[in-house]
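One letter stands for each residue in the lines below.
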Amino acid sequence: MKKIAILGGSHFIGVHLLLTLHQQGHQLTLFNRNLRTPPVHYPKDIELIRGDRDQPENLKKLFFKEFDVVFDLSGYTPKHVKPIIDNYQSKIGHYIFCSTPMAYKIPTPTPYNEKVPLTYEEKTYGGDKALVEELLFNQYKNSSWPITIFRPQGVFGPYDTWHAGFIYYRIIHSLPIFVFEESKFRINPLFVDDLVKAFLLAMDNSKSYGSAYGVAGDDVVSNLEFIELCGKILSYQPLMKIVDHPYSIKNLQTGYSWLEYSTVADCSKIKSELGMKFSSLEIALKKTFSWLKDNPNHMERYT
């Protein structure tokens, strides 16, 4: 049993991580602003601490005690993370930070890997995440403080179905799915269970210390292929309509924005260093649809 803190964790990825860690018997503390109702009831033995990362003094509520591992899912800017580095580093055995592929200079090569240059443009989502990474890497170099960074892309699954929920809804209700020229661009989406698996493989694992990992699935698809796969799972033929421009049809419902460029991650590093294996996209989409069937109220957001 490890003492583990999760910063964030009330919406999607953190909920999956929390439930998995709890099932394994770890002692868990959750730190967030408590502004939204989580999609599940937390187990009663999880300690909940209300705190705001924009108020650094709130961190005292958490770090009056020590943790073997801290998963940071809510650090978006250097001001969120620097107070932890400066004041509470000695309280943390292993610090695991969830970054983003938006930290790379966009557009990335196809495929891209961890060697692609980062952007450090302040006050942008990707740039601020990259600046946090820089702080963490510098701290690792200076003091060997164990840190690990993940850059997951296109994460989907129960509680946040990404494109899949919208597509399933429109296929089931025989509604057209409008796609544009950019639907030819390709991505390898990541099933949330696989991201949790990656976190666990890195946890307290010295092989991961001082490293950043791109995390994405094995299956590379265009949006058109993604839609067709959803149709195959439902045994329905999707009704796709090609349009020249998203504004060419009045009241057009497009769902999530389609890709504007290909973003295909090469995950060789996490496979070779941590032994990561990924679910097939078809299995991941089947599990996601199974969850949607059991939670039909989630479909209401697409009406």
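Here the residue numbering is sequential within each chain, running from 1 through the sequence in written order. Note on the predicted model: pLDDT of at least 70 is required for a residue's local features to be given, and 80 or more for side-chain atom pairs to be given and counted; whole-chain, interface and lining totals, by contrast, use all residues. Side-chain descriptors were evaluated using all non-hydrogen atoms of the structure, hydrogens and water having been removed beforehand.

Considering the environment of D294
Counted only if it meets this: Only DSSP runs of H or I with at least four residues qualify as helices, and only runs of E with at least two residues qualify as strands; both kinds are numbered from the N terminus onward. Burial status follows relative accessibility: with a 1.4 Å probe on protein chains alone, a residue under 20% of its type maximum counts as buried, one over 50% as exposed, and anything between as partly exposed.
Position of D294 among the secondary structure elements: in helix 8 (residues 281-294). D294 gets classed as exposed once you look at its relative accessible area, which sits at 62%. Spatially, the C-alpha atom of D294 lies 30 Å from that of A5, the residues being 289 residues apart in sequence.

Structural notes on the nonpolar core
Put simply, the rule reads: Here, the term nonpolar core denotes a set of buried Ala, Val, Leu, Ile, Met, Phe, Trp, Tyr and Cys residues that are joined through side-chain atoms within 4.5 Å. What makes two residues a contact is simply this: any of their non-hydrogen atoms within 4.5 Å.
If you look at the biggest cluster of nonpolar residues, it comprises 76 residues, and the most contacted ones within it are F71, Y168, F199, I270 and L285. If near-sequence neighbours (up to four positions away) are discounted, Y168 is found in contact with C230, I233, L234, L285, K286, F289, L292 and M299.

So, helix 1 (residues 13-23)
Every buried residue of helix 1 is accounted for by I13, G14, V15, H16, L17, L18 and L21. Tucked inside the fold, the buried residues of helix 1 contact strand 1 (3-7), strand 2 (27-32), strand 4 (67-72), strand 7 (155-156) and helix 5 (192-202). Note on helix 1: the residue one or two positions beyond its end, G25, has a positive phi of about 95°.

So, the side chain of N223
Among the structural elements, N223 can be located in helix 6 (residues 223-234). Those residues in contact with N223, other than ones at most four positions away along the chain, are H163, S183, F185, W258 and L259.

Digging into the pattern of salt bridges
Note the cut-off: Note on definitions: salt bridges are taken to be side-chain nitrogens of Lys or Arg within 4 Å of carboxyl oxygens of Asp or Glu.
If you walk through the whole model with that rule in mind, you get eleven salt bridges. Where D204 meets K2, a salt bridge forms, and the shortest distance between an N and an O atom there is 2.8 Å. Residue D204 is found in the loop between helix 5 and strand 11 (211-215), and its partner K2 is found in the segment before strand 1; the two are separated by 202 residues along the sequence. A salt bridge links E225 to R186; its shortest N-O distance comes to 3.0 Å. Taken together, the residues E225 in helix 6 and R186 in strand 9 (residues 186-187) connect sequence positions 39 residues apart. Connected through shared salt-bridge partners, K232, E282 and K286 make up one network.

Thoughts on the packing of helix 4 (residues 163-172) against helix 8
Just so we agree on the cut-off: Here an axis means a line fitted to C-alpha atoms, over the contact stretch when the element is a helix, while the angle between two N-to-C directions is reported on a 0 to 180 degree scale. Note on angle classes: values under 35 degrees are labelled roughly parallel, values over 145 roughly antiparallel, values of 65 to 115 roughly perpendicular, and the remainder oblique. In this scheme the handedness of a crossing depends on how the near helix is turned from the far one: anticlockwise by less than a right angle means left-handed, clockwise means right-handed.
Packing of helix 4 against helix 8 leaves a shortest axis separation of 11 Å and a crossing angle of 70°. Taken together, the axis directions place helix 4 and helix 8 in an arrangement best described as roughly perpendicular. Along this stretch, helix 4 crosses helix 8, giving a crossing that reads as right-handed. Contacts between helix 4 and helix 8 pair A164, G165, Y168 and I172 from the former with L285, K286, F289 and L292 from the latter.

Observations regarding the packing of aromatic side chains
Quick note on the threshold: Centre distance within 6.5 Å is the pairing criterion for rings of Phe, Tyr and Trp, where only the six-membered ring of Trp is used; planes under 30 degrees apart are then read as stacked, over 60 as edge-to-face, and the remainder as tilted.
Taken as a whole and assessed by the stated rule, the structure comprises 13 aromatic pairs. Each ring, one from F156 and one from F191, has its centre 5.8 Å from the other, and the planes form 45°; the classification is tilted. Placement of F156 in strand 7 and of F191 in strand 10 (residues 190-191) is noted, with a sequence separation of 35 residues between them. Overall, the relative accessible area of 0% leaves F156 in the buried class. According to the relative accessible area criterion, F191 is buried, its value standing at 4%. Centroid distance W162 to F226: 5.5 Å. Interplanar angle 85°. Geometry classified as edge-to-face. Here the residue W162 occupies a position in the loop between strand 7 and helix 4, and F226 occupies one in helix 6, the gap between them amounting to 64 residues. Owing to a relative accessible area of 14%, W162 belongs among the buried residues under this scheme. Of the residues examined, F226 reaches a relative accessible area of 2% and is grouped as buried.

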